[in-house]
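Residue-level structure breakdown
So you can see what is in the structure, the chains are spelled out below.
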Amino acid sequence: MLSFSQEQLASALAELGETKAYRVTQLADWIWKKGADDFEQMTNLPPALRRELAARYTLRPLSVVERRTSAGGTRKLLCRLQDGELVEMVLIPAAPGETGTRSRRLTLCISSQVGCAFGCKFCASGLLGLKRSLDTSEIIGQIFAARREAGESMDNLVFMGMGEPLANVDNLLPALRLITDARHLGISPRHITISTSGNVPGLKRLAQSGLPVRLAVSLHGATDDVRSRIMPVNKRWPLGELLPALKEWQACSKHMITLEYILIAGVNDMPTQADLLADIAQRLRAKVNLIPYNPVPGLEWRRPTESACHAFWKALLARHIPTTLRYEKGADIDAACGQLRRRMM
Ligand code: SAH
Ligand code: SF4
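Residues numbered from 1 in each chain as written. Chains lettered and ligands numbered in written order. Predicted model: local features only at pLDDT ≥ 70, side-chain atom pairs only at ≥ 80, totals over all residues. Heavy atoms only, no water.

1. Details of the packing of aromatic side chains
This model, assessed by the stated rule, comprises three aromatic pairs. With a centroid separation of 5.2 Å and an interplanar angle of 25 degrees, the aromatic rings of tyrosine 261 and phenylalanine 312 are classed as stacked. Separated by 51 residues along the polypeptide, tyrosine 261 in strand S10 (residues 258-263) and phenylalanine 312 in helix H12 (residues 306-318) bring together distant segments of the chain. There is no split in this pair, since tyrosine 261 and phenylalanine 312 are both buried. Between lysine 34 and the ring centre of tryptophan 30, over which it is positioned, the NZ or CZ distance is 4.1 Å. (Phe/Tyr/Trp six-rings, centres within 6.5 Å; stacked < 30°, edge-to-face > 60°. Helix = DSSP H or I, 4+ residues; strand = E, 2+ residues; numbered from the N terminus. Buried < 20%, exposed > 50% of the residue type's maximum accessible area, 1.4 Å probe, protein only. Lys NZ or Arg CZ within 6 Å of the ring centre and 35° of its normal.)

2. Section: the packing of helix H6 (residues 169-180) against helix H7 (residues 200-209)
Axis separation between H6 and H7 bottoms out at 11 Å; the angle between their running directions is 25 degrees. Classified by the interaxial angle, the pair formed by H6 and H7 is roughly parallel. H6 and H7 meet at a crossing whose hand is right-handed. Along its contact with H6, which presents Val169, Asp170, Leu173, Leu176 and Arg177, the element H7 presents Gly202, Arg205, Leu206 and Ser209. Within the contact of H6 with H7, the residues separate by chemical class into four nonpolar, two polar and three charged. (Axes fitted to C-alpha atoms, helices over the stretch in contact; angles between N-to-C directions. Parallel < 35°, antiparallel > 145°, perpendicular 65-115°, else oblique. Left-handed = near helix turned anticlockwise from the far one by under 90°. Contact = heavy atoms within 4.5 Å. Nonpolar A, V, L, I, M, F, W, Y, C, P; charged D, E, K, R; others polar.)

3. Things to note about the site of ligand 1
Near ligand 1 lie 19 residues; those nearest to it are Gly163, Ser195, Ser218, His220 and Asn294. Measuring from an oxygen atom of ligand 1, one finds a side-chain N or O atom of histidine 220 at 2.5 Å. One of the backbone nitrogen or oxygen atoms of asparagine 294 is found 2.9 Å away from a nitrogen atom of ligand 1. About the coverage of ligand 1: the protein hides 96% of its 530 Å² of free accessible area. When residues of the shell around ligand 1 are traced back to their parent elements, those giving at least two are strand S8 (192-196) and S10. Of the residues in the shell around ligand 1, the class split is eight nonpolar, nine polar and two charged. (Near = heavy atom within 4 Å. Polar contact = N/O pair within 3.5 Å; in protein donor to acceptor, adjacent residues only side chain to side chain. Areas by Shrake-Rupley, 256 points an atom, 1.4 Å probe, with all protein chains shown as cover.)

Listed below in structure tokens is the structure:
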């Protein structure tokens, strides 16, 4: 029932013979505002109605089954879906002073699929292939579960957990509409970031939706040969298709695109790549986020030395590209980007 709009709640109640308008408000309040995960908690609804709702619907599409906290306070939450599949989400607190404002403290990183079909060669989520996509209520259910765990609401939401969100647009778009609806979760679209490995048709559909969310693109290579070596998706949608699609996105979005670039030793950390990456960023007026590779057990890739990472960073800054170099939070508990996978912790 988490994926229901107010209108759908009204028809669900009507089907049970309950047509009073204030019942819809009560039910919506319990679900969206109070975050109830059991109809029995809804003490202002008649007990018979609660029982009938419980027999037909669930408010708990997933439950948190394991928790791990890193030294810096990042929390990884393992969730079990109703069919037993597992996904992970990560709660990331901003360090004091990091965001500059007290009002944006907690970021939630959520998953969009169980596993991933895109098979990037460096990523733990891609290792096992795609099991299935999350449905709308499972996408939203993560936010509710995280809110219960944290005891507070999220300030920022990023789709950087398991899966490729733009390969699941059918469920992503309805979820985004509810998440951003002021009557429901009311998270501002400008505090939501969708990260994509470059799924061009998905990108076009997201643009057409008109939702003013932020976009992060996992570029990880400034030429087709480097990109294709580590990201099979590049063979399907090479830079010649991806970059014009990003240009189109940029034309209708108010926000700067972020180009994510993980630095992998000997693969994409050469000065020529830095220079070509600067060309792309310049053309898109994008900012660049450099992330030294987080090692994944069983994979051969290595993180460049600190001085190599700094040299790459400086090369972009020298070209006046707004660039950050950040070491991921939560790497010690495998909660950093790309370390999430479908297994028990
Ligand atoms: N499928 C989407 C979103 C999930 S991955 C995407 O690819 O953008 C979230 C981010 O983690 C992506 O930028 C991805 O490239 C990055 N990532 C994957 N494996 C990583 C690793 N081992 N170290 C650092 N970042 C990694
Ligand atoms: Fe999938 Fe993103 Fe991992 Fe690539 S980086 S395998 S697209 S989750």
